[in-house]
Every structure is written in structure tokens, then in C-alpha cells.
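Notes for the structure review
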Amino acid sequence: MKMKKWTGLLLAGCMAAGALAGCGGSSTGSTQTGGGEGSEELTWKIGMIGPLTGPVAIYGTDVKNAGQIAVDEINAAGGINGYQIEYRAEDDEHDAEKAMNAYNTLKDWGMQILAGAVTSTPSTAVEALTAEDNMFQLTPSGSSKACIEEANAFAVCFNDPQQGTKSAEYFAEHFPDAVIGTLYDSSTEYSAGIEANFESKGAALGLDIADVESFTADNNTDFTAQLNKLKSAGCTYVFMPIYYQEASVILQQAANMGFTPDFFGCDGMDGILDIEGFDTSLAEGLMLLTPFAADAEDELTVNFVENFRSAYEKTPNQFGADQYDGIYALKLAIEKADLTPEASVSDICEALKTAITQIEVDGLTGTITWAASGEPDKEPKAVMIKDGAYVSIEG
Amino acid sequence: MVSFITNLINGLSLGSIYAIIAIGYTMVYGIAKMLNFAHGDVIMVGAFAAYTIISTMGLPTPVGILAAIVCCTLLGIAIEKIAYRPLRNAGSPLAVLITAIGVSYFLQNGAMLIFGSDTKMFSSVVPLQTLSVGPFLIPGTTIVSILTSVILVSVLQIFINKTRPGQAMLACAQDRAAASLMGISVNNTITLTFAIGSAMAAVAGVLLCSAYPALSPTTGAMPGIKAFVAAVFGGIGSVPGAMVGGLLLGVIEILSRAYISTQLSDAIVFAVLIVVLLVKPTGLFGKVIQEKV
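What counts and how
- Residues numbered from 1 in each chain as written.
- Chains lettered and ligands numbered in written order.
- Predicted model: local features only at pLDDT ≥ 70, side-chain atom pairs only at ≥ 80, totals over all residues.
- Helix = DSSP H or I, 4+ residues; strand = E, 2+ residues; numbered from the N terminus.
- Buried ≥ 20, exposed ≤ 12 C-beta atoms within 10 Å, placed from the backbone.
- Contact = placed C-beta atoms within 7 Å.
- Nonpolar A, V, L, I, M, F, W, Y, C, P; charged D, E, K, R; others polar.
- Pairing = 2+ DSSP bridges.
- Axes fitted to C-alpha atoms, helices over the stretch in contact; angles between N-to-C directions.
- Expected span 1.5 Å × (residues − 1).
- Bend = angle between axes of the 7 residues up to and from the residue.
- Domains from an automatic or database assignment.
- pLDDT = per-residue confidence, 0-100.
- Parallel < 35°, antiparallel > 145°, perpendicular 65-115°, else oblique.
- Left-handed = near helix turned anticlockwise from the far one by under 90°.

Let us look at the overall build of chain A. Looking only at helices and strands, chain A features 11 helices and 16 strands. Relative to its 395 residues, chain A shows a buried fraction of 55%. Long-range pairs, those at least 24 residues apart, make up 69% of the contacts in chain A with a sequence separation of at least 6.

Written out as C-alpha cells, the structure reads:
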């Protein structure tokens, strides 16, 4: 009899603790930026939602700040069709539910266009709301295919299937003899999506994928078992379509066990050099496929990186570059459609849906055009970490 | 074979950290008869204390470890005094359990306010380089965490069985009312238990983050739960049981991840727990206490 009580208590305890583990806790930060004081003056109200705090805060803050740079530049040059832009960012902590709350906050503020959300899961969640309100949504970096499913939603970045395919093509072209292992997070849509496409495209191209390993969000601190298997399989390249936080731990543990293949990542790897306390020498030689390299020498990139550094004391990552291009794409599309802020949210959306497919943005992440599906078309660049900085690889 | 032994070593490394955490759970349960679900978060506080001293302020490593231990010990005593003691004689044992969950939330969110929720890289406090023995590579942190856990358990065993405060703990564990009749201060003994458990949590936090360097306010949550399982597995209330339970749990987790499935490793760990409890309801080292009427 005593035992039964005990088991019940244990069960209750486990469940309670499980709930604890699931909830990250919360701290909300919101920031308001933008020029217009009074509401009498007509302005464009562009909202942004992203993780300004939390595990992937580097993405959200870079997107927010890069967007601000674009907005300031456009405002200084006279705005869009003669109207100034107001830009406001809300925090979602990379959480779908908080993103929906952030969307409602922005809607109360009077947002006309959403340049967000930053990460895939929140972006998809918000998409359901923008579709219902028929608000134009341009996510800078929501890379899941689901982020652009609705007709009102477009993306600046490559989507996951595109990234997987392009990575496989890159391997086939540059390292055809590599013994490849993959290590991915099976609990996020982003990672699993890229990996699946990499594997199928890789098989079609005849790549030697010797081992496929995975982990889940609940088990993202100890990778020794997976690394051990990749090592035993003799992998010379490890493809890791994951976020930088886990990657930093993996690099540390691989170094500890004397496993030194070449690591290769996607856009989620961007930001690894900015982790507080990270030994950047571990990332030496890490390659990633990304449309933006901060060391590129064209005038646009040089100016952007310089402005960003002087304002925020850090080198912008690809997510920021995507948002910068996104804001300019909105400007071009609005000009193309000849809109004013007097138009309703729904009318703006209808006009932009067509206009965006007719423009060509010559931006930081290459020359971008859009299909009506919401998918962008641009060329990826391969970047390698050398001496603690991102350097483009030629070819 | 080489990879099997490497996996075994990795399992022991993870398991020894679980063991140190599990001791904290098991001692508090044995003596205060409560599950301190905030224990995992005390680990996180310890790791943050060490991180602040070593990485942010640039002071030497031993100072950091010492500061973490002092900080956690005081925190453990404070938690016990403020949150648990007033409820100790409340009608239902659930009151303390729920308070413990509240304390856990408080610590996590407090850390988030102070340090932000982005992940920090904890630089290892172990100066030992990776050792290569034949075909095996043994990371320095592995050696140190296994040694530390063995030493801590031995010292604790001697303390409990050979010293007066240790005997007082045993007496409280057996019968609190009788112990107080014999002139033992139950309150002080329980406070001492919390102090020791929390000091061990600080050590566990520093070792955990040395081996798995990502530090965030939720760092302690999952290891805390696993260590709780380890404590139940070994027989909650028994210190050697917690040690064995922790080591076994670590090995089972790594081996199932290596040979069965990465996705299912947690499920397997918990399934093992269920099987053990079905066969031996008091855990591996648990004592069956006969109630006399």
C-alpha cells in the first residue's frame, strides 16, 4: 500500500519536473524605434518580430538593427513615395506563442507590413494570423517551406529544401571524394528539413554519405556518442545543418576526443563567432554556405558593415543582411505599386503580392528576384572561418 | 571494441556528474523526506557563480570554484529556511513539493533577469589535457569528474557514519521525533543537509559545464531530472545507491544513444527505471522499512 502512494508521488513529480524542463521562462523586451512623433503625420509602419532575447538572440538583434540601418537610410533619402518609415521590433524569444502576442501588439500599434518573423517556427505561427488579416509578410530568415505557404508570405532567405540541395551540389562539385557524415537536430523543422534534402540530393549526385546522426532539443549537451560513431565511420567531412549554439558544443567535444574532420554548416551556423566565451580557434576551418559574407568588397557590403559596426559594435551576420535587403525590397515594391500609407492593410498586401515578383533587388545577399510562391532566387556563397573571421571561398 | 569502450568512458563521465547531483537529492529526501526539485537549478546557480568569477572578472579558477561552493551553500540554507521550513509541518507533503517547483522557477527566471537567456560558453576549469591510453582518448574532464565523484561519496560516507553530525543525520532520517527527544536539533541537522547537498550541487555545476560547456538559465533542469531518476534508481535515501544509480544511468544513456537510437535514449532511460521499480520497488540499494504497529 505504501508503495502505491509513493509511485503516485513520483509520477506527479516527474510530470511537474517535465513541465519545468519544457518551459524556458520568460522575459519580454520590447523596443520602439522610429521617427514620427504625432499620429497626424502619415507614415509607413513596418513591424518586426524576432528573438531579441533567448538562445538565438543574435539573429533577432541583428535583424532588428540591420533593418533599422536600412530604415534610417531610406528616411534620410526622403522615405518611400515621400512618406517616412516607422520601424518597431517586438521580442518573441524564438517561441511561437510569444510571436503571436508580439504580432497583436504590433497590430495595435498600427503595423501595415510585417518584416518578420526571424526564425521558422514563430514565422509560421504568425503567418496564420497575417493570412487571416491579409497583411503582407516578408520574413528575412524564416527558412522553413511552411513560412511562405500562404499567398501573402514571402522570404528573403533560401528555404530549407534549397539549402539542403545547394549544399549537396556544393559537396559534389568541390569534394566529390569526401566521406560525409551528417549530424542534425531531429526535433527542429529547420535542421531535419535541410538534412532530408541534403541526403536525397546527395544520393542522386553519388555522394558518399557514410553515417547519419541526430540529436534532439532535450539532449543537446552530450554529443560524444554521435561523434564517436561519426569517427568510427571514418568521416572526413561532417555536415551540420544546425544552429550555432549546439555547434559550438559539438566542436568543443570533437576537439576533446581528437576528432578533426572538416565541419560544414548552413546559415544557422552564422553567429558562432559571437558566442560569449567561445574559443574561436575551435571554429577554424569551419565552412558554411550562406548568401552573405561580411568581408565581401563590393561598395554596398563595405558601407553596410561599417555602419553596422560603428552603431552596434559587432559584425553583422547573414540574418541582418537579409533584413536589410528585405526593407529595400519593400521600398522597391511599394514604389512599383505606387502606394501611399492611406491604403488599407489588405490593399497594400494585394498590391505588393504582384509588385514583389516584378522587382529585382541588388542587395547584400546578391541579386534577388521573387516567384509568386514566395521563394527568392539568388546565388549562395561558401564562407570559411579563418583567423576568427568569415572569409569567402573562391569558386 | 574501441568504440564500445570509448562510449563506456563517456557514459561514466556523464554518469559521475549525475551521481554527484543525485547525492543531493537523495540526502535531502532521506533526511527531510522531501523532493527538492530546485536542486537542478542550484547547479545552474553554481555554474553561473563560477562563470562570473572566472570568465567575467578574470579571477583564478580555484577562487571561482570556491565562490560557487560558498554561494550555493548559502543559497541552499536560505532556500531551506525561507521556503521549506515554514511548510515542514503543513498537513500535506505536496505543499513542500509545490514550493520546491516554485523555487525552481524563481531561480531560473532570476538567472534570466541577471544574466540574460542567451547561452554562454563555459570555459573548462580542468587544466588536464586529453589523455591517450592506447587507442583510447580520455578527456581531462572525464577523469576529474569520475575521481571527484568517488572522493565525494567516500568522504560523505565517512562523515555520515563516523562523525556526530553525521550520526545525527542518520537519527533524523530514521525517526525525527525520536531524534529530537534524544537531544538532536532536527532543524540544524536539516539545514546542514541542505548545505552539504547544495555545496555538492555547486561542484556538479562546475563539472557539468566543464564537460558540456553551454551555460544558460535552464542548464540545470534536464540533468536535475535525470539525477532524480538516478537517485530513485539507486534507492532514494542511500548515498552509495545514488552513486551507482548515477553511473549506471549515464552508461545506459550513452550506450542506448550509440547502439539503439539517439531519439529514444531518454525513453530507454526512463523505461529502465520503470522496470527496476517494478522488480525492486525500493531501488537497487533501498532499504525496506518494516512498519511496526
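Don't stop here, the text continues.
To continue, consider the interface of chain A and chain B. Contacts between the two partners involve 40 residues from chain A, matched on the other side by 45 residues from chain B. Looking at the side of chain A that touches chain B, the elements with two or more residues in it are α1 (2-22), β8 (208-215), α7 (224-232) and α8 (244-256) of chain A. The biggest single contributor to the side of chain A that touches chain B is α1 of chain A, with seven residues. Looking at the side of chain A that touches chain B residue by residue, the classes come out as 14 nonpolar, 21 polar and five charged.

Residues and elements named next belong to chain A. Across the sheet, which stays open at both edges, the seven strands sit in the order β8-β7-β9-β10-β11-β15-β16 with mixed pairing between neighbours. Each end of this open sheet is capped by a strand with a single partner; those strands are β8 and β16 (389-392). With direction set aside, neighbouring strand axes in the sheet form an average angle of 25 degrees. For strand β15 (residues 381-386) and β16, the ladder comprises four bridges, and the chain directions are antiparallel. Paired with Met384 across the bridge in β16 is Val391.

In this section: the sheet that holds strand β14 (residues 376-377) of chain A. All names here are of chain A. As summarised here, the arrangement of the three strands in space is β12-β13-β14, forming an open sheet in which the pairing is antiparallel. At either margin of the open sheet sits one strand with a lone partner, and together these are β12 (361-363) and β14. When β12 meets strand β13 (residues 366-370), the two strands line up antiparallel, connected through three bridges. Considered in β13, the bridge of Asp362 is made with Thr367. In this fold helix α10 (residues 318-337) packs onto β12 and β13, with an angle of close to 155 degrees to the strand it touches most, β12.

With that settled, the discussion passes to helix α4 (residues 120-133) of chain A. All names here are of chain A. With 14 residues, α4 ought to run about 20 Å at 1.5 Å a step, and its terminal C-alpha atoms sit 20 Å apart, in line with that. The largest bend in α4 comes to about 25 degrees, at Glu127. Taken as a whole, α4 has its buried residues at Ser120, Thr121, Pro122, Ser123, Thr124, Ala125, Val126, Glu127 and Thr130. Phi turns positive, to about 50 degrees, at Asn134, one or two residues after α4.

All names here are of chain A. The domain boundaries assigned to chain A delineate domain 1 (43-158 + 299-379) and domain 2 (161-290). Distance from the C-alpha centre of domain 1 to the C-alpha centre of domain 2: 29 Å. Contacts between the two partners involve 15 residues from domain 1, matched on the other side by 14 residues from domain 2. For the side of domain 1 that touches domain 2, the secondary-structure elements that each account for two or more residues are α2 (57-76), α4 and α10. Here the side of domain 1 that touches domain 2 is built from residues that sort into seven nonpolar, six polar and two charged.

Taken residue by residue, chain A gives an average pLDDT of 85. The fraction at 70 or more is 89%. Contacts from residues 14-39 of chain A, a stretch scored under 50 in pLDDT, to residues over four places away or in other chains number 42 contacts.

Quick look at the packing of helix α3 (residues 96-109) of chain A against α4 of chain A now. Residue and element names in this part refer to chain A. The geometry of α3 relative to α4 is characterised by a closest axis approach of 8 Å and an angle of 45 degrees between their N-to-C directions. On the basis of the axis angle, α3 is oblique to α4. Crossing angle aside, the handedness with which α3 passes α4 is right-handed. In this structure, α3 contributes Ala96, Ala99, Met100 and Tyr103 to the contact, and α4 contributes Thr121, Pro122, Ala125, Val126 and Leu129.

Attention shifts here to the pairing of β15 of chain A. Residues and elements named next belong to chain A. In the sheet, strand β11 (residues 287-290) pairs with β15 via four bridges, with the strands oriented antiparallel. By the bridge assignment, Thr290 is partnered in β15 with Lys381. Following β15, the chain reverses through two residues before pairing antiparallel with β16; Asp387 in that reversal takes a positive phi of roughly 50 degrees.

Residues and elements named next belong to chain B. You can see Phe115 is positioned in helix α4 (residues 93-115). Note: C-alpha distance between Phe115 and Gly237 (122 residues apart in sequence) is 34 Å. Excluding its chain neighbours within four sequence positions, the residues that come into contact with Phe115 are Phe48 and Pro217.

This next bit is on helix α10 (residues 239-259) of chain B. For α10 of chain B, which comprises 21 residues, the first-to-last C-alpha distance of 30 Å matches the rise-based estimate of 30 Å (1.5 Å per residue) to within 8%. The element α10 of chain B is extensively covered by neighbouring structure, given that 16 of its 21 residues are classed as buried.

All names here are of chain A. Ala117 follows Gly116 through a cis peptide bond whose omega is -10 degrees. Relative to the helices and strands, Ala117 is located in the loop between β4 (113-114) and α4. You will see that Asp338, though not glycine, has its phi angle at about 55 degrees, which is positive. Checked against the element boundaries, Asp338 lands in the loop between α10 and α11 (345-355). Asp338 sits in the exposed class, given 9 other C-beta atoms within 10 Å.

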